[in-house]
Number of protein chains: 4
Amino acid sequence: MMDSLAATERLSRVFADESVVQAMLDFEAALARVEARAGLIPESAAEAITRSATAEAFDAAELTRLSLRAGTPAIPLVRMLTERVRDLDAQAAGFVHWGATSQDVVDTALVLLLQQCRPVLESDHKRVVLALWRLSEEHADTVMLGRTLLQPAPPVTFGLKAAGWLAAVKRGWVRVASRFDQSLYLQFGGASGTLAALADHGVAVSQALATELGVPCPDAPWHGHRDRLAALMAALSIYIGSLGKMALDLALLQQFEIGEIAEPGGDGRGGSSTMPNKRNPTGCMLAVAAAKRTPGLLANFIAGMLQEHERGSGGWQAEWASVEGIIQAAGVSLESMAEVLEGVRVNSVRMRQNIEATRGAVFAEKAMIMLAPEIGRDAAHQAVAEALPDIPGLEVPEDYLGSAEAFRRRLLGSEE
Amino acid sequence: MMDSLAATERLSRVFADESVVQAMLDFEAALARVEARAGLIPESAAEAITRSATAEAFDAAELTRLSLRAGTPAIPLVRMLTERVRDLDAQAAGFVHWGATSQDVVDTALVLLLQQCRPVLESDHKRVVLALWRLSEEHADTVMLGRTLLQPAPPVTFGLKAAGWLAAVKRGWVRVASRFDQSLYLQFGGASGTLAALADHGVAVSQALATELGVPCPDAPWHGHRDRLAALMAALSIYIGSLGKMALDLALLQQFEIGEIAEPGGDGRGGSSTMPNKRNPTGCMLAVAAAKRTPGLLANFIAGMLQEHERGSGGWQAEWASVEGIIQAAGVSLESMAEVLEGVRVNSVRMRQNIEATRGAVFAEKAMIMLAPEIGRDAAHQAVAEALPDIPGLEVPEDYLGSAEAFRRRLLGSEE
Amino acid sequence: MMDSLAATERLSRVFADESVVQAMLDFEAALARVEARAGLIPESAAEAITRSATAEAFDAAELTRLSLRAGTPAIPLVRMLTERVRDLDAQAAGFVHWGATSQDVVDTALVLLLQQCRPVLESDHKRVVLALWRLSEEHADTVMLGRTLLQPAPPVTFGLKAAGWLAAVKRGWVRVASRFDQSLYLQFGGASGTLAALADHGVAVSQALATELGVPCPDAPWHGHRDRLAALMAALSIYIGSLGKMALDLALLQQFEIGEIAEPGGDGRGGSSTMPNKRNPTGCMLAVAAAKRTPGLLANFIAGMLQEHERGSGGWQAEWASVEGIIQAAGVSLESMAEVLEGVRVNSVRMRQNIEATRGAVFAEKAMIMLAPEIGRDAAHQAVAEALPDIPGLEVPEDYLGSAEAFRRRLLGSEE
Amino acid sequence: MMDSLAATERLSRVFADESVVQAMLDFEAALARVEARAGLIPESAAEAITRSATAEAFDAAELTRLSLRAGTPAIPLVRMLTERVRDLDAQAAGFVHWGATSQDVVDTALVLLLQQCRPVLESDHKRVVLALWRLSEEHADTVMLGRTLLQPAPPVTFGLKAAGWLAAVKRGWVRVASRFDQSLYLQFGGASGTLAALADHGVAVSQALATELGVPCPDAPWHGHRDRLAALMAALSIYIGSLGKMALDLALLQQFEIGEIAEPGGDGRGGSSTMPNKRNPTGCMLAVAAAKRTPGLLANFIAGMLQEHERGSGGWQAEWASVEGIIQAAGVSLESMAEVLEGVRVNSVRMRQNIEATRGAVFAEKAMIMLAPEIGRDAAHQAVAEALPDIPGLEVPEDYLGSAEAFRRRLLGSEE
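Residues numbered from 1 in each chain as written. Chains lettered and ligands numbered in written order. Predicted model: local features only at pLDDT ≥ 70, side-chain atom pairs only at ≥ 80, totals over all residues. Heavy atoms only, no water.

Before going further, it helps to spend a moment on the overall build of chain A. Check the secondary structure of chain A and you find 15 helices and four strands. In summary, chain A has a C-alpha radius of gyration of 28 Å against a globular reference of 22 Å for 416 residues, an excess of more than 25%. Projected onto its principal axes, the C-alpha coordinates of chain A cover approximately 95 × 50 × 35 Å. Evaluated residue by residue, chain A yields a buried proportion of 70% over its 416 residues. Counting contacts in chain A only where the partners sit at least 6 residues apart, residues at least 24 apart contribute 78% of the total. (Helix = DSSP H or I, 4+ residues; strand = E, 2+ residues; numbered from the N terminus. Rg over C-alpha atoms; globule rule 2.2 N^0.38 Å. Buried < 20%, exposed > 50% of the residue type's maximum accessible area, 1.4 Å probe, protein only. Contact = heavy atoms within 4.5 Å.)

Here we take up the interface of chain D and chain A. At the junction of the two partners, chain D supplies 104 residues and chain A supplies 104 residues. In total, chain D and chain A occlude about 8,400 Å² of area from one another, counting both sides; carbon and sulfur atoms represent 60% of this. Ranking the residues of chain D by area buried against chain A places Asp219, Leu306 and His309 of chain D at the top, with a combined share of 9%. At the junction of chain D and chain A, the tally comes to six salt bridges. Its salt-bridge partner being Arg175 of chain D, residue Asp227 of chain A comes within 2.7 Å of it at the nearest N-O pair. At the boundary of chain D with chain A, the tally comes to 28 residue pairs in polar contact (both at pLDDT 80 or more). For the side of chain D that touches chain A, the leading source of residues is helix H9 (residues 227-253) of chain D, giving 15 residues. Grouping the constituent residues of the side of chain D that touches chain A by class yields 51 nonpolar, 31 polar and 22 charged. (Buried area = accessible area lost by both parts, 1.4 Å probe. Salt bridge = Lys/Arg side-chain N within 4 Å of Asp/Glu carboxyl O. Polar contact = N/O pair within 3.5 Å; in protein donor to acceptor, adjacent residues only side chain to side chain. Nonpolar A, V, L, I, M, F, W, Y, C, P; charged D, E, K, R; others polar.)

In this section: the interface of chain C and chain B. Across the boundary between the two partners, chain C contributes 104 residues, which contact 103 residues of chain B. Taken together, the two surfaces of chain C and chain B that pack against each other cover about 8,400 Å², and 60% of this comes from carbon and sulfur. If you sort the residues of chain C by the area they bury against chain B, Asp219, Leu306 and His309 of chain C come out on top, with a joint share of 9%. One can count 28 residue pairs in polar contact (both at pLDDT 80 or more) joining chain C with chain B. When residues in the side of chain C that touches chain B are grouped by element, the largest group, 15 residues, is from helix H9 (residues 227-253) of chain C. A class-by-class count of the residues in the side of chain C that touches chain B yields 51 nonpolar, 31 polar and 22 charged.

This part takes up the packing of aromatic side chains. Ring pairs (aromatic) are described by centroid distance and by the angle formed between their planes. Residues and elements named next belong to chain A. A full pass over the atoms with the stated rule returns 16 aromatic pairs over all chains. Measuring from centroid to centroid gives 5.1 Å for Phe95 and Trp98, while their planes differ by 45°, and the two rings are tilted. With relative accessibility at 4%, the residue Phe95 sits in the buried group. Taking the ring centre of Tyr185 as reference, the NZ or CZ of Arg228 above it sits at 4.5 Å. (Phe/Tyr/Trp six-rings, centres within 6.5 Å; stacked < 30°, edge-to-face > 60°. Lys NZ or Arg CZ within 6 Å of the ring centre and 35° of its normal.)

What follows is about the relation of the copies chain D and chain A. Superposition record for chain D on chain A: RMSD 0.0 Å, screw rotation 180°, translation along axis 0.0 Å. One copy is carried onto the other by what is essentially a two-fold rotation axis. Most of the interface of chain D is mirrored in chain A: 100% of its interface residues are interface residues there too. (Least-squares fit on C-alpha atoms with pLDDT ≥ 70 in both.)

Counting across every chain of the model gives 84 salt bridges over all chains. For the salt bridge of Glu83 of chain B with Arg86 of chain B, the shortest nitrogen-to-oxygen distance reads 3.3 Å. You can see Glu83 of chain B and its partner Arg86 of chain B sitting in helix H5 (residues 74-88), three residues apart, about one turn around the helix. Of the residues examined, Glu83 of chain B reaches a relative accessible area of 38% and is grouped as partly exposed. The partly exposed category is assigned to Arg86 of chain B, whose relative accessible area is 30%. The salt bridge partner of Glu260 of chain C is Arg147 of chain C, with a shortest N-O separation of 2.7 Å. Here Glu260 of chain C is found in the loop between H9 and strand S3 (261-262), whereas its partner Arg147 of chain C is found in strand S1 (residues 143-148), with 113 residues between them in sequence.

Under the fitted operation, chain C is carried onto chain B by 0.0 Å of movement along the axis and a turn of 180°, and the coordinates agree to an RMSD of 0.0 Å. By residue overlap, the copies meet face to face through one surface: 99% of the interface positions of chain C are interface positions in chain B.

The next subject is the domain arrangement of chain A. Residues and elements named next belong to chain A. Here chain A is described as being made up of domain 1 (1-100 + 186-221), domain 2 (117-184 + 222-349 + 406-416) and domain 3 (353-405). For domain 1 and domain 2, the distance between their C-alpha centroids amounts to 35 Å. Of the residues lining the interface, 23 residues belong to domain 1; the matching set on domain 2 comes to 22 residues. Both faces considered, domain 1 and domain 2 share a buried interface measuring about 1,900 Å² in area, 60% of it formed by carbon and sulfur atoms. Seen at the junction of domain 1 and domain 2, the total is two salt bridges. The closest approach of N and O atoms between Glu335 and Arg10, which form a salt bridge, is 3.1 Å. Applying the counting criterion to the domain 1 and domain 2 interface returns seven residue pairs in polar contact (both at pLDDT 80 or more). In terms of residue count, the dominant contributor to the side of domain 1 that touches domain 2 is helix H1 (residues 9-14) (four residues). A breakdown of the residues in the side of domain 1 that touches domain 2 according to their chemical character gives 14 nonpolar, eight polar and one charged. (Domains from an automatic or database assignment.)

In this section: helix H10 (residues 282-303) of chain A. Taking 1.5 Å of rise per residue, the 22 residues of H10 of chain A would be expected to cover 32 Å, and the 33 Å separating its terminal C-alpha atoms lies within 8% of that figure. Burial of H10 of chain A is extensive: 20 of the 22 residues sit out of reach of the surface. (Expected span 1.5 Å × (residues − 1).)

It is worth spelling out the side chain of Thr72 of chain D at this point. Residues and elements named next belong to chain D. With respect to the helices and strands, the residue Thr72 is situated in the loop between helix H4 (60-70) and helix H5 (74-88). Residue classification places Thr72 among the buried positions, given a relative accessible area of 7%. At 3.0 Å, the side chain of Thr72 forms a polar contact with the backbone nitrogen of Ala74.

With that out of the way, let us pick up unusual backbone geometry. Residue and element names in this part refer to chain D. Unlike most non-glycine residues, Leu195 shows phi in positive territory, near 50°. Relative to the assigned elements, Leu195 resides in the loop between helix H7 (158-183) and helix H8 (202-213). Using a relative accessible area of 0% as the deciding quantity, one classes Leu195 as buried. One non-glycine residue with positive phi stands out, namely His309, at about 50°. Relative to the elements of secondary structure, His309 occurs in the loop between helix H10 (282-303) and helix H11 (319-343). Among the residues examined, His309 registers a relative accessible area of 2% and is labelled buried.

Where helix H9 (residues 227-253) of chain A meets H9 of chain D, the axes come as close as 10 Å, and the angle between the chain directions of the two elements is 155°. Here H9 of chain A lies roughly antiparallel to H9 of chain D, going by the angle between them. Between H9 of chain A and H9 of chain D the crossing geometry is right-handed. Only Asp227, Ala230, Ala231, Ala234, Ile238 and Ser242 of chain D of H9 of chain D make contact with H9 of chain A, whose side of the interface consists of Asp227, Ala230, Ala231, Ala234, Ile238 and Ser242 of chain A. Across the contact of H9 of chain A with H9 of chain D, the residue classes break down as eight nonpolar, two polar and two charged. (Axes fitted to C-alpha atoms, helices over the stretch in contact; angles between N-to-C directions. Parallel < 35°, antiparallel > 145°, perpendicular 65-115°, else oblique. Left-handed = near helix turned anticlockwise from the far one by under 90°.)

Among the residues of helix H15 (residues 404-413) of chain B, those classed as buried are Ala404, Phe407, Arg408, Leu411 and Leu412 of chain B. Projected onto a plane normal to the axis of H15 of chain B, the buried residues spread over an arc of 135° and lie on a single side. Packing partners of the buried residues in H15 of chain B comprise helix H6 (102-138) and helix H7 (158-183) of chain B together with helix H8 (202-213) of chain C. (Arc of directions from axis to C-beta.)

Residues and elements named next belong to chain C. One can describe the packing of H9 onto helix H10 (residues 282-303) by two numbers: an axis separation of 8 Å at closest approach and a directional angle of 155°. Comparing their axes, H10 and H9 come out roughly antiparallel. The element H9 and its partner H10 pack so that their crossing is left-handed. Between H9 and H10, the residues in contact are Leu229, Ala230, Met233, Ala234, Ser237, Ile240, Gly244, Ala247, Leu248, Leu250 and Ala251 and Cys284, Ala287, Val288, Ala290, Ala291, Thr294, Leu298, Phe301 and Ile302, respectively. In terms of residue class, the contact of H9 with H10 is made up of 17 nonpolar, three polar and no charged.

The structure is reproduced here in structure tokens:
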């Protein structure tokens, strides 16, 4: 319940106890198999370990309790796994976790879990992109007020506005995707990151293990170097920030007094416990809330990069909460905004009324620019300031939109 | 599992789904009872609501799912509660949540949960204080190196060092306790914070409700004003910071090459999955990790204070994760450090050896001060710098400790 | 220029080079005087040091350059001061900085500078309080929409809204003032915090020095314990957050489409470089910007509390930027909001029009409450949701304001 | 003075008042020239504007004061520039700032300043890379303790350790450089980002202006979309984090009791005001402090991304302090670590002594692995734990280093 607004069902399945335990067990089983193939441990041990490495057989509550005692989930997990293997094959028990260290298990498990999150996020990202594209195309000519410092400014189009959101979201995902590609490496280094226990088999076993697990193999273990994960967290945080900016814009446009858009109501969404007819901008609110939970988590992660020597004492162990929080924020934000954008109603009549209500004030820049060649820009600035309050509502002349459409098309076509 | 290093069993019970749901139901039931007493709703309705308000009858998973849809747990909870009440008494169903708004339920529930956390934290705080007091008294004369910028400095006593930690922890708890006293108020304001639905009964019902729930009644609802909670979060964060400083000091003293203290091993603690004889400073590490998870959560909370008008759209809804994270960090840090301090072994022989190994260098300040009246402070600075590398190991003359013992006693006696 | 929106003239004078240097020199001169009185150094030395300790004689640019080399401003400052003293009295040069360490100078200087900031902040705080009080009293009966999740909610009064801001600001200052009282202590501990160089004169000299400088004397030096400063920074950050919430509310009310308030224009304020007649909410914007610069600075300060042993290596040296940034944010926010609140125009006609434009929707809660006893709360919720879109604009019946006025008066009278 | 530990001379020149003003004037002058070429304003106006756009003629203190009033430096700057132009050519004064908005000036100026910072950072980055490369090659065979959770672990080489730092720093710079390439675009959009004042010349003038200023031209103005700058800030923060990790490792290795490295003393560096012979790890401390000032600034920037509509009210205006703080932190960290790494002394004798002092404990993993095939891994774990305390000091057998050298070479060769 405490996380109910901060987690999606799909991502919560990835981070559920059984899933996390299975990811750690997958590491142990794959390690045993590749070591058996390399002749470092008996084939029979690898078989027994692989057969024992099924999460449903582990007591997650007990494991959680012991993890806090040990300061890492890996120590009790390896002990429990060893007991299970011993039941199958007493000799095999001696080969569990061969040459690995706690952090190898924990970091690689995290990498495997993050890999599972990627398609979940990507599918909603694609919905957001498609919905924004359609909105931008459909509203290429829908004129509305620009707004700066929360005050009316010369008109823009809703198509341009949507294109701006779209381009930011696309740039954001390009960064996220590139960080997913470049951040999620196998962790395998043994006690000090030298794989000393494997003598000169270290590099070969690493590569085989990476292949077995379907993750890339890094140049070397990265126990104390967290920059790659930090870069993924930063990319996600910035992406969440761009979604949050869009959500804030939409929530502001949805204010009753502005009324230019309405987010869709859908199943259980947007109601009020006291006001029967109120429509809250719930989807946008969830995305804004996600953006407000993220920056401090990122700060914690980056501050935590100062990890001592070959394995840190505190910085590393603080990471999981930040990683899960940021990924879940991305998930909630994306899921909410995909739904909002696919169903948002745009009130173009109200948009035009809101322009007219300014009684020409937002054309002041244009008027000044037209007057300026005659009397100078600053005199024009003064003259327009005095004259404008009396100008009645105006239609928006077509060419007052400047490069709005040109910019819109460039943004849609951007491959940056 | 994801939270295994970041949560204690006792606090996790407070934040478990059933406990959270019960806190919300306690609000609804108490509200019904005081409203019945005030003649606003029928007595029979209050009875039916109270009887229905038992968390174990609610499907927490479904509630979690619906909360994300609604953007608040209160809407589906009220709906489910209403259904349960209707089964008992159809007419009573019409009086559930009478005059309240979602945020009244959610905020008051949070307040009730935080109240439950206080004694959990306080009991470990007392253990920490007592253990530090004993260490300080026992080691009033245990001389050890001072260390500044991680380099040896003139000697201090371990008793003074422990007294410094103690005084910081005591100051920290004074702030935390005062914020617990001044932050946890009833939330009850109805849709806009005016209790409009209760006509002129608002203030009286508020006070009765506060009494019923055992929480103080504020001057007015505080839906959009989060400064009190922020002050509690800040006090906890600073307290966690002081515990973290102590933990870092202890972990550094425990480095093999320094070896001046050893934290206790205890059940499952401090081992390594690869190095059989390694003793990790696990308790200290957990407290350092807690201190590294906290600052960003506090930043998120304070950045989230900019909540719009009578109820914010995003800032408020982002709070829970920060609140739970900070409280749990305090819990893990306290529980870990209480255990460390109650069992820590102090190696006073090693402390003296480490002083002797500096071969007098740490007496340089004293030597300079003694020389200076003759030849000037800066000439003495120069002379000592040149002479010292050749001075052999020295005993620490008693009066070289300056005011260490005076300061120690003042710190122990501090009532600040 | 880079700080032009983030600093006030009055506070910038406190943090100007000459002022900072003078604060450090004040420490050195006061130290010499009390040590002379205690017979630890010659009277003549104290005189020469006091006469030399005038900031305008120091080259601040050179000092800045050397500070980065030394990792602390104190080392080059003491060297320069010693040279100046030597010119007056060669023997006296040997008694500069007697028994003190770099951090004693730097921390005490910071404390002296923060003391100077307090009245600057307090004078603007008083303006804010007075202006809010007047607004609340004047608009006790000015009815306006409540707004929750940025949507219309049952009416409140502007007087209640102002009282809510006022109470938060008052609570905020109570915390700030109490932290100013309890955070700003003399720092004087010598190399390791034991005042070893002063033999058994340490406590007495500390107390005399504190008196000489007009700051309280702590139980013991606090080189590695930063919790008191952290508590002051946190109190300021929360105060800035409450000002930011008020500023955001005012900026939102000032949106053209809502138009319920207008911040005053005043000398050079609120203009646009392109739109002659635009009135930007510049004062509110500055306070919102201040609130957005603060949370991360506080997080940095608290994360930096993990300072090693008797003097940290990095955490301490990172503090100044955070302290200055937070104090300046408070200064800008207060100065801006004082001006806004003293001149804000409240458009009560527009407030009423905005209620009427909802065509009764915001009375839905009340209507539901009136229907509910007959047909049940949830059936009423449904009925009202269907009926409301067709209800024409309504006047606000007086008793629909619930406890608004009672809450307002309690908030004004709050002594919490 | 307040920034003395947080700013380098070279970067401070970039952010000095005159430099900042000149960057803004460069925008105005370039704009006038390209508009003249496009026939939008008279050639004579462009000439007069260009001749007037020299920063030394502007009163920076007055500009700073007026900027706070206006809420932006651009408004008073344009006014002052207009006055200067008028003195040369009255008609030209009417064409200053033609079609631009405040944010165009301010953002483009920031972009120009950041471009100037890049080579400053890059030159120190190259020194760091070269120094680390040499250390790694020179110490490929220098065996030392691995250290995990601050306790001894199986041996590594200093060459591997240096290679790990090097690879992280190189990865960090690849990200920083790619963000410099992709973040620093022209800002030019006029009042609402449509360049309405330029009719259909907007895109062409934008491209010409970008060329004139030597910055890339974006698809469209990005007034409200701050993701690119955020990505640069994040890349810098992560880079600073990797430098900070290295600095912390070096400071820890430099502890007197470990004594494996010593940072160079150099001009004014590393002294103590009280202890004549103390060598502080000043360079490392400055880099650690930089890493502690950064995460919160990044959090502020990312939280500030939620900027309303076409130009935000608060989020944007809060950015400058974060940007300058992060860039300066990078500058201080790089400058300090370049000096440290170029002069660091490595004490390989002490490294070996520290291994021997563990009396074989760090070979426990290896011993266990050797025993395990006979008696099982967990029995071996137990046996080694009991036996090890009695094993005398051992030489490090060559093959106990596992893949240390293979990993080192891969890290040096990494092109990631």
